[in-house]
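# Summary of structural features
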Amino acid sequence: MKTVLKAENLRAFYVLQVAGRKKVIQAVNGVNLDIQEDQVYGIAGESGCGKTTLLKVLFAKADPPLQIFEGAVYYRENDSLLNAIELDSEQMRKLRWTYISYIPQGSMSVFNPVKKIKSTFLDFLQSHVQNRVKKELLALAEEHLRKLGLYPRLLDAYPHQLSGGMRQRVSIALATLLSPRVILADEPTTALDVVAQRAVLQLLQEIQKQLKNTIVLVTHDMGIHANIATHMVIMYAGKIVEEASTEEMFTNPFHPYTRYLINSLPRIGDKRVRESAPGNPPSLVDPPPGCAFHPRCPEATELCSSKQPDFVEVSAGHKVACWLYGGANHGTFT
Ligand SMILES: Nc1ncnc2c1ncn2[C@@H]1O[C@H](COP(=O)(O)OP(=O)(O)OP(=O)(O)O)[C@@H](O)[C@H]1O
């Protein structure tokens, strides 16, 4: 398998001026990822841990107050890796939507509320597909919707005429018009009822199957990861703390935080009270020293509060940043 998206030591912070004082929110703080082709790659973690910010940086779109301070984001072109952060706006324009696309949180923001869905599709196609007249572009849009099992007549609707779930599916269709190799999807099922959620997830899976591309799926909902992610990482306070195949993550979670996330999931027939992580997520302005989870961790030792654990491969393909694991391997990985 080939790498399609890679992050190296990414640090991206929000830099704010609050009452005349500088406030720095360390939303993405030293993230390394190596994402392979043909999979659904899940990013999980509590609200506010930096998932959305990480997706923005992977899309090489850091608008103020967000600033990228360090690191690289690589896209694969033919057999070489391009650092997206160093590309100029024209090079990036060519890669966006054809190589990498982004489905933001909340589909309403994607469409112009006073224009038909058709006009957003046409604007999009006109800026990316050359030498085609309007009628041909419209036919492309209709064909794409049909391929995804959606009715072409949706193009004639105004955004407010569609249900939240249908609008989300149409926004996914828009983001995948040009068959991107990587799709970044940010909480695509938030605020949808379970039936609409299922339809959106089925659509994402169908697209992944058709294009054999990679979907990077951000959601705090571990149930969704269990259902559709093939590989996943857990994020805590701006860092990746565990990585494994989804099956391995759920059957053999290492990090105490991951165990809380999994144990808080309801299970049919199990009436025990679900346990979630005690306390609150830490401040990203002044994160705790050592392992950022230590103030909430029942297994923390003195070492955890003073020194940050390395991200260590404990078993094949299963990595964790926790002093409870990895023994002598700490210090040999970065
Ligand atoms: N535009 C912004 N300006 C300042 N701070 C921001 C901005 N966007 C996000 N943050 C802060 O950055 C941190 C990470 O936020 P982010 O949205 O990336 O987290 P998340 O894990 O995606 O959470 P959620 O699921 O709630 O969106 C939070 O502390 C958040 O308050």
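Residues numbered from 1 in each chain as written. Predicted model: local features only at pLDDT ≥ 70, side-chain atom pairs only at ≥ 80, totals over all residues. Heavy atoms only, no water.

The name given to the protein chain in an unreviewed UniProt entry is ABC transporter ATP-binding protein, with the source organism recorded as Thermatribacter velox.

## Let's talk about the state of the cysteines
Counted under the stated rule, the structure contains zero disulfides. In this structure cysteine 291 is not part of a disulfide, and its nearest cysteine sulfur, from cysteine 304, lies 6.3 Å away. Owing to a relative accessible area of 14%, cysteine 291 belongs among the buried residues under this scheme. (Disulfide = S-S within 2.5 Å. Buried < 20%, exposed > 50% of the residue type's maximum accessible area, 1.4 Å probe, protein only.)

## Quick look at the site of the ligand
Around the ligand, 16 residues are found, and the nearest of them are Ser47, Gly48, Lys51, Thr52 and Thr53. In this structure, glycine 50 approaches the ligand through a main-chain N or O atom, which is 3.1 Å from an oxygen atom. Within the side chain of threonine 52, one N or O atom sits 2.8 Å away from an oxygen atom of the ligand. Here the ligand loses 67% of its free accessible area of 630 Å² to cover by the protein chains. For the shell around the ligand, the elements supplying multiple residues, two or more each, are strand S1 (3-18), strand S2 (21-36) and helix H1 (51-58). Top contributing element to the shell around the ligand by residue count: H1, with three residues. Residues that form the shell around the ligand fall into these classes: seven nonpolar, six polar and three charged. (Near = heavy atom within 4 Å. Polar contact = N/O pair within 3.5 Å; in protein donor to acceptor, adjacent residues only side chain to side chain. Areas by Shrake-Rupley, 256 points an atom, 1.4 Å probe, with all protein chains shown as cover. Helix = DSSP H or I, 4+ residues; strand = E, 2+ residues; numbered from the N terminus. Nonpolar A, V, L, I, M, F, W, Y, C, P; charged D, E, K, R; others polar.)

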